[in-house]
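Coordinates in review
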Amino acid sequence: MFGILPYILGLLCLATHLAASIDLDSYKKHTSQSLLWAPYRSQCYFGIRPRYINEAPFIMGIMWFDTNRMDAMPNLRHQVDMNDKLEKFSWVAYDPRIGGKESIIDHENNINLTISFVKSHDGKNWATRIDGKPIDPNKKTAISIITYMNQNVGTTNPKNTKPYLKLNKPISNDELEFSGYSSELDKYSISFKDNFGTYFQNSSLSTMEIAPGSDCSKTSHVSLTIPDEEVWKARDVFQTLLSDSITEIIAEQGEDLNAAYTPSILTLRNLHDFPAGNFHFIQKTFDSKPKGFQFDIVYNNNVDKKENIKTKKDVTRLINSAINEINSRFDKHFEINEADKEEKRSFALEILSNLLGGIGYFHGNQLIDRATEFNEDQFNEIKLTHGKEEGPFDLFTSVPSRAFFPRGFYWDEGFHLLQIMEYDFDLAFEIMESWINLIDKDGWIAREVILGPEARSRVPQEFQVQSPNIANPPTLLLTLSEMLAKVLEHEADMKLDNKENLGEPAIKGDTEQLKHSSELIIKYVSKIYPKLLKHFEWFTRTQRGLIEEYSELLEEDPLWEKLHKDNLYKWVGRTVRHCLPSGLDDYPRAQPPDIAELNVDTLSWVGVMARSMKQIAEVLNRDQDQIKFAKIEQNIMENLENMHWSEKNNCYCDVSIQENEDTDEEELVHVCHEGYVSLLPFGLKMIPPNSAHLDKVIAAMSDKTTLFSPYGLLSLSQKDEYFGQDENYWRGKIWLNINYLCLDAIKYYYPEIADAKKASKSPVNAAAQQLYAGLRRNLIDNVYKVWRNTGFVFENYNPQDGTGAGAKQFTGWTSLIVNIMGFL
């Protein structure tokens, strides 16, 4: 793939000059409008906020529970939580530019919810349709849906008009309308309107009102003022106010209350006579009739009304149009040719939709410890106790798991983008740019980005503080390299001999403008290049290995002269049993650890960075930088072969200095634990295509006694002494991200396997072909089988039986199964 770059560089430059000027402002406007609104509060089952509206955003969320039982409060759903034990919470079809449908099956509350979110074509208006049906209509339930919303006030009001959100004169019990304003959003309206459904009634009672305002047969509305930074605590606020109401009802009427009033007892009222504020609760309680209920929430911009959503039919039309468009876009980008095609296609669409549905927008301060120093002679756990808030920052990102990891992970995000870019190239670049903007003046970027109290509330305390001494695999550069390769390949395919066609930019659709416009991509790459330079310099400076420790051991060894001594690296911050910076936390490393350790995976990742920086330099005509990074890339490939390849073990290994038990003298040793670390030079395409080691790597991956399993490549060989031991996180379990890299690398090194008829008859290529076909089939079959049986994809998979393990609904890098099905 990368060998064609010098040839097509000239074409790229020529196309840039000849292509008609692309209006960057127009592109930015389209991107901003199409991505302004979405359920960007990833940690909620459903929560809306606008993107890049930071001073005074509008915030909305939905909660629900069955109010026909007095012990209902613990079952109030709000933030995604695996302890809720829902059978399903999944976007069955979703695109952040368009909208989609989320399916939620909650047996404890006896509710099957479908939440639809759609937008007008200009992106300014949106609608949410809440559709609920009882799972068991014979079970007497009172399904209570609580919508909360707030117009944040912010700290500055440029037009001297304070932001507001207020209820207009109520239209009826089943229809409410609110008006709102902020300087960023301008004037808008929010309407609530029932389409069908019956509010809960008990025929044994003449009225459902047990106390003034506590009447489940009517829509309940309570308005009050809550500080902007506390809005995310809506569940806590609701429970507190409801508890106060219940306490007063019991105090006035005694504890022996008629159970028939339970749904009204659990209906919120303005007990404390709060003056109306910007925060609103709207509670609707429906009975369990089989038909269920449905209501719409519609947001309309009141300044530009051209595409306002006015009727129920408008919402229905937008929902149908959105689902059709998502299906069309999916089929355009992914060709699912599998047995049980329709079922597997639905599976793939749902998994991709959940990755896209996990895209969130986060804004706030980050806790960073810049005081704690790392002692390279010590390998004890380092406590980051000097965290201080810095910011505010913002981040537009997908998340590994809404239920377990609803925040940004640098190590994960590059893998997410490998998937997203195949569906929406421009969206992937938009997310990447947001991450790159977080690179600080020293070139550092946090391994976890946890912005603001809402995001922080979902993170164990020991992981909340980030340190600028700790790196993580630079997967964003891996994705950027792949993205630029696609741009350059497109330029190579252009027919430049027809100048009439060069008068118009080759833009296909509204999600691949950067991919099909060299002029536009160059403008964006020019913008991020300086930050990436700083990041490369920081990474290589801080993770540089102590090669000087080897000078005496190797001074008479020919290897010493072959080594590129400035291009050997290690992970800084590892402990005796853990190497958190590597992303492969408990993967076995040298024991005992030594300051001279050199890590093969660190070196491989630096090679990926150098390759990506080389490509950017080529695109930007920075000849000297291109030469520099090409040299670094070559040096790293040579160091991998000369320093990290073990002939004895036939794999790439970490290197360390250890004392020989027999002679008591120190010596260089290869620390070999066959598994993902030993495969990364191959998976990251850092082995020369003509290397004699390729066939040995293929053989290692094909060995059923070590790495190959019916469910995918194991993270650690079954023969390794650490297999399945201790924490057992990266010690044998199957992870989709590394499996994907290895599958993709097989196609890169053996391109003929894409066409069985042209496959070489040589033993090496035959082995690669067999490995590729078997591994791909095993991954697809197992991930699909587990999803079909459980309704979820998982963080990793058990090496013995393929069952899902770790976090459920891990639609982060496990979503790469869609790429594997769709075109690998």
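Every value quoted in this text rests on a predicted model; they were computed, and no experiment measured them. (Residues numbered from 1 in each chain as written. Predicted model: local features only at pLDDT ≥ 70, side-chain atom pairs only at ≥ 80, totals over all residues. Heavy atoms only, no water.)

Time to look at a negative patch on the surface. Where like charges cluster on the molecular surface, the negative patch consists of Asp 377, Glu 549, Glu 659, Glu 661, Asp 662, Asp 664, Glu 665, Glu 666 and Glu 667. You can see Asp 662 is positioned in the loop between strand 21 (654-659) and strand 22 (666-671). Classification of Asp 662 by relative accessible area gives exposed; the value is 73%. (Patch = residues over 30% accessible without salt bridge, like charges linked within 9 Å, V, L, I, M, F, W, Y side chains within 5 Å. Areas by Shrake-Rupley, 256 points an atom, 1.4 Å probe, with all protein chains shown as cover. Salt bridge = Lys/Arg side-chain N within 4 Å of Asp/Glu carboxyl O. Lys, Arg positive; Asp, Glu negative; His and termini not counted. Charge placed at Lys NZ, Arg CZ, Asp CG, Glu CD. Helix = DSSP H or I, 4+ residues; strand = E, 2+ residues; numbered from the N terminus. Buried < 20%, exposed > 50% of the residue type's maximum accessible area, 1.4 Å probe, protein only.)

For the rest of this paragraph, the subject is the nonpolar core. One finds Phe 58, Tyr 550, Phe 682, Met 701, Ile 746 and Ile 817 to be the most contacted residues of the largest nonpolar core, which totals 216 residues. If one sorts the elements of this core by residue count, helix 12 (residues 518-542) sits on top with 12 residues. Residues within four places of Tyr 550 in sequence aside, it is in contact with Trp 560, Ala 596, Glu 597, Leu 598, Met 643, Val 655, Ser 656, Ile 657 and Leu 668. Formed by 33 residues, the second largest nonpolar core is a distinct cluster that contains Val 231, Phe 238, Ile 249 and Tyr 261. (Core = buried A, V, L, I, M, F, W, Y, C linked by side-chain atoms within 4.5 Å. Contact = heavy atoms within 4.5 Å.)

Take the confidence of the model for the protein next. When pLDDT is averaged across the protein, the result is 92; 93% of the residues are at 70 or more. This stretch, residues 495-508, has a pLDDT under 50; its non-local contacts, to residues over four places away or in other chains, come to 18 contacts. (pLDDT = per-residue confidence, 0-100.)

For the structure shown, the criterion picks out one disulfide. Across the disulfide, Cys 653 is cross-linked to Cys 672 (sulfur-sulfur distance 2.0 Å). Measuring handedness by torsion sign, the sulfur bridge of Cys 653 and Cys 672 sits at about 100 degrees and is right-handed. With Cys 653 in the loop between strand 20 (651-652) and strand 21 and Cys 672 in the loop between strand 22 and helix 17 (676-683), this pair connects stretches of sequence that are 19 residues apart. (Disulfide = S-S within 2.5 Å.)

Turning our eyes to something else, we now look at the layout of surface pockets. In this structure, the largest pocket occupies an estimated 1200 Å³ of space. What lines the largest pocket is a set of 49 residues, among which Arg 447, Glu 448, Glu 462, Phe 463 and Leu 580 lie closest to the centre. Each residue belonging to the lining of the largest pocket can be placed in one class, and the counts come to 25 nonpolar, 11 polar and 13 charged. Lining the second largest pocket are 28 residues; nearest its centre among them are Arg 49, Asn 152, Asp 228, Glu 229 and His 363. (1 Å grid on protein atoms, 1.4 Å probe; cavity = no way out; pocket = protein on both sides within 12 Å on 5 of 7 lines; lining within 4 Å. Points joined across faces, edges and corners; volume = space filled by probe spheres on them. Nonpolar A, V, L, I, M, F, W, Y, C, P; charged D, E, K, R; others polar.)

Strand order across the open sheet formed by six strands is 1-2-3-8-13-12, with antiparallel pairing between neighbours. The open sheet has two free edges, formed respectively by strand 1 (37-38) and strand 12 (220-224), since each of these has just one partner strand. Note: strand 2 (residues 47-50) against strand 3 (residues 58-66), two bridges, orientation antiparallel. Bridge pairing in strand 3 links Ile 48 to Met 60. On the sheet, helix 3 (residues 234-253) packs against strand 3, strand 8 (143-151), strand 12 and strand 13 (279-286) and is oriented at approximately 70 degrees with respect to strand 13. (Pairing = 2+ DSSP bridges. Axes fitted to C-alpha atoms, helices over the stretch in contact; angles between N-to-C directions.)

Turning our eyes to something else, we now look at helix 5 (residues 312-333). Taking 1.5 Å as the rise per residue, helix 5 with 22 residues should run 32 Å; its terminal C-alpha atoms sit 32 Å apart, in good agreement. Those residues of helix 5 not exposed but buried are Asp 314, Val 315, Leu 318, Ile 319, Ala 322, Ile 323, Ile 326, Arg 329, Phe 330 and His 333. Here the buried residues of helix 5 occupy an arc of 160 degrees about the axis, which is enough to place them on one side. Exposed side of helix 5, more than 90 degrees from the buried face: Lys 313, Asn 324 and Lys 332 are the residues found there. (Expected span 1.5 Å × (residues − 1). Arc of directions from axis to C-beta.)

So, on to the packing of helix 7 (residues 410-423) against helix 8 (residues 425-436). For the pair helix 7 and helix 8, interaxial distance at closest approach is 7 Å and the crossing angle is 160 degrees. If you check the angle between helix 7 and helix 8, you find them roughly antiparallel. Of the residues in helix 8, those in contact with Tyr 410, Glu 413, Leu 417, Ile 420, Met 421 and Tyr 423 of helix 7 are Phe 425, Leu 427, Ala 428, Ile 431, Met 432 and Trp 435. Here the residues of the contact of helix 7 with helix 8 are counted per class, giving 11 nonpolar, no polar and one charged. (Parallel < 35°, antiparallel > 145°, perpendicular 65-115°, else oblique.)

Moving on: the pairing of strand 12. Of all five residues that make up strand 12, four are buried, and the element is covered over most of its length. As defined by bridge partners, strand 12 adjoins strand 13 across five bridges and the pair is classed as antiparallel. Bridge assignment links Leu 224 to a residue of strand 13, and that residue is Phe 279.

Our next topic: the pattern of salt bridges. A complete count under the given rule lists 45 salt bridges for this structure. Two residues, Asp 71 and Arg 69, come together in a salt bridge whose shortest N-O distance is 2.8 Å. The salt bridge involving Lys 284 is made with Asp 194; its shortest N-O contact spans 3.0 Å. Taken together, the positions of Lys 284 in strand 13 and Asp 194 in strand 11 (residues 186-196) put the pair 90 residues apart, joining distant regions of the chain. Considered together, Lys 284 and Asp 194 belong to a single accessibility category, that of buried residues. The network of salt bridges with common partners includes Glu 338, Arg 776, Arg 777 and Asp 781.

Turning next to the sheet that holds strand 14 (residues 293-301). With antiparallel pairing, eight strands are arranged side by side in an open sheet as 4-5-6-7-14-11-10-9. The open sheet is flanked by strand 4 (88-95) and strand 9 (164-167), the only strands paired with a single partner. Strand-to-strand, the axes of this sheet are offset by a mean angle of 15 degrees, without reference to chain direction.

For the pair helix 7 and helix 19 (residues 736-749), the least separation of the axes is 11 Å and the interaxial angle reads 50 degrees. Classified by the angle their axes make, helix 7 and helix 19 are oblique. Remark: the crossing between helix 7 and helix 19 carries left-handed chirality. Here Trp 411, Phe 415 and Leu 418 of helix 7 come into contact with helix 19, specifically with Asn 737, Ile 738, Tyr 740 and Leu 741. Tallied by class, residues from the contact of helix 7 with helix 19 come to six nonpolar, one polar and no charged. (Left-handed = near helix turned anticlockwise from the far one by under 90°.)

To continue, consider the side chain of Asp 654. Here Asp 654 is to be found in strand 21. A distance of 3.0 Å separates polar atoms of two side chains, one belonging to Asp 654 and the other to Arg 589. Engagement of the side chain of Asp 654 in a polar contact is seen with the side chain of Asn 599, the distance being 3.2 Å. Sequence-distant contacts of Asp 654, that is, excluding residues within four places in its chain, are made with Arg 589, Leu 598, Asn 599, Val 600, Asp 601, His 644, Val 669, His 670, Val 671 and Val 677. (Polar contact = N/O pair within 3.5 Å; in protein donor to acceptor, adjacent residues only side chain to side chain.)

Tallied over the full model, the rule gives five cavities of 30 Å³ or more. Of the pockets and cavities examined, the largest cavity occupies roughly 170 Å³. Taken together, 15 residues make up the lining of the largest cavity; nearest its centre are Glu 376, Phe 379, Trp 571, Val 572 and Gly 573. Considering only residue class, the lining of the largest cavity consists of six nonpolar, four polar and five charged.

All right, on to the packing of aromatic side chains then. When we look at a pair of aromatic rings, we describe it by the centre distance and by the angle of the planes. What the rule picks out here adds up to 55 aromatic pairs. When the centroid spacing of 6.3 Å and the interplanar angle of 45 degrees are considered together, the rings of Phe 58 and Trp 126 count as tilted. Within this pair, whereas Phe 58 is found in strand 3, its partner Trp 126 is found in strand 7 (residues 126-133), the two being separated by 68 residues in sequence. Given the relative accessible area of 0%, Phe 58 is considered buried. Here Trp 126 falls in the buried class, since its relative accessible area comes to 0%. Following the ring pairs from residue to residue traces out a cluster consisting of Phe 404, Phe 405, Phe 409, Trp 411, Phe 415, Trp 605, Tyr 676, Tyr 729, Trp 730, Trp 735, Phe 810 and Trp 813. Residue placement shows Lys 565 over the ring face of Trp 560; its charged tip is 4.7 Å from the ring centre. (Phe/Tyr/Trp six-rings, centres within 6.5 Å; stacked < 30°, edge-to-face > 60°. Lys NZ or Arg CZ within 6 Å of the ring centre and 35° of its normal.)

Looking at where Gln 718 falls in the secondary structure, it is placed in the loop between strand 24 (712-713) and helix 19. According to the relative accessible area criterion, Gln 718 is partly exposed, its value standing at 38%. Each C-alpha atom of the pair Gln 718 and Gly 675 lies 9.3 Å from the other, and the pair is 43 residues apart in sequence. A distance of 3.2 Å separates a polar atom in the side chain of Gln 718 from the backbone oxygen of Lys 704.

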